[in-house]
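A closer look at the structure
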Amino acid sequence: MKLIIAAIKPFKLEEVREALTSIGVRGMMVTEIKGFGSQSGHTEIYRGAEYAVNFVPKVKLEIVVAAAMADQVVETIQTTAKTDKIGDGKIFVLDVESAVRVRTGETNDDAL
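So, a few notes on the structure that sits alongside this text. (Residues numbered from 1 in each chain as written. Predicted model: local features only at pLDDT ≥ 70, side-chain atom pairs only at ≥ 80, totals over all residues. Heavy atoms only, no water.)

**Some points on the nonpolar core**
One broad trend across soluble globular proteins is that nonpolar side chains are buried collectively. Of all hydrophobic cores here, the largest spans 16 residues; its most connected members are Ile8, Ile63, Val73 and Ile77. Of all the elements in the fold, those that place two or more residues in this core are β1 (2–8), α1 (13–22), β5 (56–65) and α2 (70–81). The leading source of residues in this core is α2, at 5 residues. Non-local contacts of Ile77, meaning those with residues more than four positions away in its chain, are made with Ile4, Ala6, Ile8, Val16, Leu20, Ile63 and Ile91. (Core = buried A, V, L, I, M, F, W, Y, C linked by side-chain atoms within 4.5 Å. Buried < 20%, exposed > 50% of the residue type's maximum accessible area, 1.4 Å probe, protein only. Helix = DSSP H or I, 4+ residues; strand = E, 2+ residues; numbered from the N terminus. Contact = heavy atoms within 4.5 Å.)

This is the structure:
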């Protein structure tokens, strides 16, 4: 099993969710986050004063899938979340040692 963590632009969330559902992803966790990467934030003007915005709003997706499906999920997120502008996000893939469905006690791939 693989854990896929993706940080994407918030306005792309629904489009990414629909694309993942269409390829068979049955669940995900979503968290609103703030961060920065190569863009290192930016400045904004509010009521005539300039402010440094060091952290940019993003949405973090956490998805656990069977290892055989991981590449397809990463490709789907990448193509759907892409805007060709700086700050499109990052995707990380990690190994998952085990998973348990709390309600039934099913484990690993059966728990997904």
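Here the narrative resumes.
**Considerations on the sheet that holds strand β2 (residues 29–35)**
Taken in spatial order, the 4 strands line up as β2-β5-β1-β6 in an open sheet, and their pairing is antiparallel. Of all the strands in the sheet, the pair left with one neighbour each is β2 and β6 (89–95). Between one strand and the next, the sheet's axes are offset by a mean angle of 20°, whatever the strand orientation. Pairing analysis gives 7 bridges linking β2 to β5, with the strands arranged antiparallel. Bridging from a neighbouring strand, Lys34 pairs with Pro57 of β5. Against the sheet, α1 touches β1, β2 and β5, its axis set at about 10° to β5. Relative to the sheet, α2 contacts β1, β5 and β6, its axis offset from that of β1 by approximately 5°. (Pairing = 2+ DSSP bridges. Axes fitted to C-alpha atoms, helices over the stretch in contact; angles between N-to-C directions.)

**Here we look at unusual backbone geometry**
One can expect most non-glycine residues to show negative phi and most peptide bonds to be in trans. Look at Asp84: it is not a glycine, yet its phi comes out positive at around 65°. Residue position: Asp84 is located in the loop between α2 and β6. A positive phi is found at Asn108, a non-glycine position, where the angle reads about 50°. For Asn108, the position within the fold is in the segment after β6. On the basis of relative accessibility, which here comes to 32%, the residue Asn108 falls in the partly exposed class.

**Re the side chain of Lys9**
Positionally, Lys9 belongs in the loop between β1 and α1. The exposure class assigned to Lys9 is buried, which follows from its relative accessible area of 14%.

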